[in-house]
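# Structural description and commentary
The primary structure of each chain is shown beneath.
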Amino acid sequence: MAKTLVDCGNCGPDFNAIRQMVTSHFDAAVLQTHGAEDTIELLKKREVDLVTVNRKLDRDYTDGLDVIKQIKSDPDLAKVPVMLVTNYDEHQEAAMNEGAERGFGKLEIGSDKTIEQLKPYLVD
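As a starting point, this report considers the structure included with it. Since this is a predicted model, take the numbers as computed values, not measurements.

For the rest of this paragraph, the subject is the pairing of strand S2 (residues 28-33). Where strand S1 (residues 3-8) lies against S2, six bridges are found, and the strand directions are parallel. Note that in S2 the partner of Asp7 across the bridge is Gln32. Regarding the hand of the β-α-β motif, the stretch spanning S1, helix H1 (residues 12-25) and S2 is right-handed.

As structure tokens, this is what we get:
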């Protein structure tokens, strides 16, 4: 059965790079959201296997960590796996402290390492 990844807060080119990486390696759909509100609304409407959140949201440059905190603080959504998209280790650590999985940076999109990181969430 096809998996679903929701990508939050990435600009068009970065969203398309993530979508291309995911759809070329996995049987998965990639949906785009832009902030906490539309991401949470989508998560409440359908089953999602993984959420990726940009460190700085493209529409208003707010902190993606706030999206992670809101997802993880909702008892109905807290178990949904979330990854932060950033090249900075200190931000990865902060996200993991909020309950996220270790994510990947934009420089790692398409790398073998990133594909391996995504397998547990996007392969049956």
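Next up on the list: the packing of H1 against helix H5 (residues 112-122). It is the contact of H1 with H5, at a shortest axis distance of 11 Å, that shows an interaxial angle of 65°. The orientation of H1 with respect to H5, classified from their angle, is roughly perpendicular. Once H1 is placed against H5, the crossing between them reads as right-handed. Residue-level contacts link Met21, Val22 and His25 of H1 to Thr114, Ile115, Leu118 and Leu122 of H5. Taken together, the residues of the contact of H1 with H5 sort by class into five nonpolar, two polar and no charged.

In the contact formed by helix H2 (residues 36-45) and helix H3 (residues 64-73), the axes pass within 10 Å of each other and the chain directions differ by 35°. Remark: the crossing between H2 and H3 carries right-handed chirality. Counting all contacts with H2, which are made through Ala36, Thr39, Ile40 and Leu43, the residues of H3 involved are Val67, Gln70 and Ile71. When its residues are assigned to classes, the contact of H2 with H3 shows five nonpolar, two polar and no charged.

The biggest cluster of nonpolar side chains holds 20 residues, and the ones touching the most others in it are Leu43, Val51, Val53, Val67, Ile68 and Ile71. Elements supplying a minimum of two residues to this core: S1, H2, strand S3 (50-54), H3 and strand S4 (82-85). When near neighbours in sequence (up to four residues on either side) are disregarded, Leu43 contacts Val48, Val51, Ile71, Leu77 and Val80. Ile18, Ala28, Leu118 and Leu122 belong to the second largest nonpolar core, which has 16 residues in total.

How each quantity is defined
- Residues numbered from 1 in each chain as written.
- Predicted model: local features only at pLDDT ≥ 70, side-chain atom pairs only at ≥ 80, totals over all residues.
- Heavy atoms only, no water.
- Pairing = 2+ DSSP bridges.
- Helix = DSSP H or I, 4+ residues; strand = E, 2+ residues; numbered from the N terminus.
- Right-handed = clockwise from strand over helix to strand, strands pointing away.
- Axes fitted to C-alpha atoms, helices over the stretch in contact; angles between N-to-C directions.
- Parallel < 35°, antiparallel > 145°, perpendicular 65-115°, else oblique.
- Left-handed = near helix turned anticlockwise from the far one by under 90°.
- Contact = heavy atoms within 4.5 Å.
- Nonpolar A, V, L, I, M, F, W, Y, C, P; charged D, E, K, R; others polar.
- Core = buried A, V, L, I, M, F, W, Y, C linked by side-chain atoms within 4.5 Å.
- Buried < 20%, exposed > 50% of the residue type's maximum accessible area, 1.4 Å probe, protein only.

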